[in-house]
Amino acid sequence: YPTPYPTPYPTPYPTPYASARPTPYATAIETPYPTAYSTPECEPVVHLPMDEFTGGSYDGWSNARTDFSPGFGYFMGRYAVNDPFPYKEYKDIPTDVFELLFMVDFYEIDSWDPDNRNGPDCIFIWFGDTKVFIGIFNADSDEGVRESNLDGIKCMSRSQGPPAQIGFGSANDQKHNITCWIPPQFFADGKMKVTLETRVNGPIEDESSGWDNAKLSYVYRCD
């Protein structure tokens, strides 16, 4: 989303996380919502440690499990039908934060189906009690770039490349970067719970989700 007005300010959002496995597809997510400005007295974005789930670590997530494949590496998952959703409660968020930036990689693993008798396979991200629809996914389609907007929360999902067999079953898989911008009314008490919901209709052998590289950042308005 190029801005129509040139600005001397650098973008406040760095590109997402470098992959250990090179990919020919661009993975940076450019924000269409410029909100922070850098000055010598103000650091516009403060990043909390990234949750990489390396070696089976849960990194503070509840209902967590970890899995591994050479194509995906270590990640949180896999989650299939009737599995509890993983969540993390972030606390002690400073009162002067202008907005939060939440980033996570979503792994679409095996036979995701957009049209079956029990409803489409899809994902949501909850911020507190607000459930943001991210999208319906299809193992044979490249979902590309998608945007969601609910109650002031803006989310963008971008695929890292076309469907391909990456790990586990023989069906195609796909990796997606998700970035969400959360306004201050959702963390007014200094806390925010993030829940990652997988809505699929089959067992783990048929279709599942994975989550990786979860990261929360504080965005300040330096003006």
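Structure: see above.
The structure contained in this document is the topic of the report that follows. Values in this document were obtained by computation on a predicted structure and should not be read as measured data.

### What to know about the overall build of the chain
Secondary structure summary: the chain contains 0 helices and 12 strands in total. When the helices and strands of the chain are listed from N to C terminus, the series reads β-β-β-β-β-β-β-β-β-β-β-β. Each of the 223 residues in the chain was classed as buried or not, and the buried ones make up 47%. Within the chain, contacts between residues at least 6 apart in sequence are counted, and of these 69% link residues at least 24 apart. Approximately 10800 Å² of the chain is accessible, and the part contributed by carbon and sulfur atoms is 51%.

### Details of the nonpolar core
In summary, soluble globular proteins display a tendency toward joint burial of nonpolar side chains. In this structure, Trp-61, Phe-102, Ile-125, Phe-127 and Ile-182 are the most contacted members of the largest nonpolar core, which totals 38 residues. Of all the secondary-structure elements, those providing two or more residues to this core are β3 (73–79), β5 (99–110), β6 (122–127), β7 (130–136), β9 (153–159), β10 (174–182), β11 (192–199) and β12 (207–219). Residue contacts for Trp-61: discarding those within four places in its chain leaves Asp-51, Phe-53, Met-76, Pro-86, Tyr-87, Lys-88, Tyr-90, Phe-102, Val-194, Leu-196 and Ala-214. With 6 residues, the next largest nonpolar core counts Met-103, Met-156, Trp-181 and Val-219 among its residues.

Scoring rules and cut-offs
- Residues numbered from 1 in each chain as written.
- Predicted model: local features only at pLDDT ≥ 70, side-chain atom pairs only at ≥ 80, totals over all residues.
- Heavy atoms only, no water.
- Helix = DSSP H or I, 4+ residues; strand = E, 2+ residues; numbered from the N terminus.
- Buried < 20%, exposed > 50% of the residue type's maximum accessible area, 1.4 Å probe, protein only.
- Contact = heavy atoms within 4.5 Å.
- Areas by Shrake-Rupley, 256 points an atom, 1.4 Å probe, with all protein chains shown as cover.
- Core = buried A, V, L, I, M, F, W, Y, C linked by side-chain atoms within 4.5 Å.

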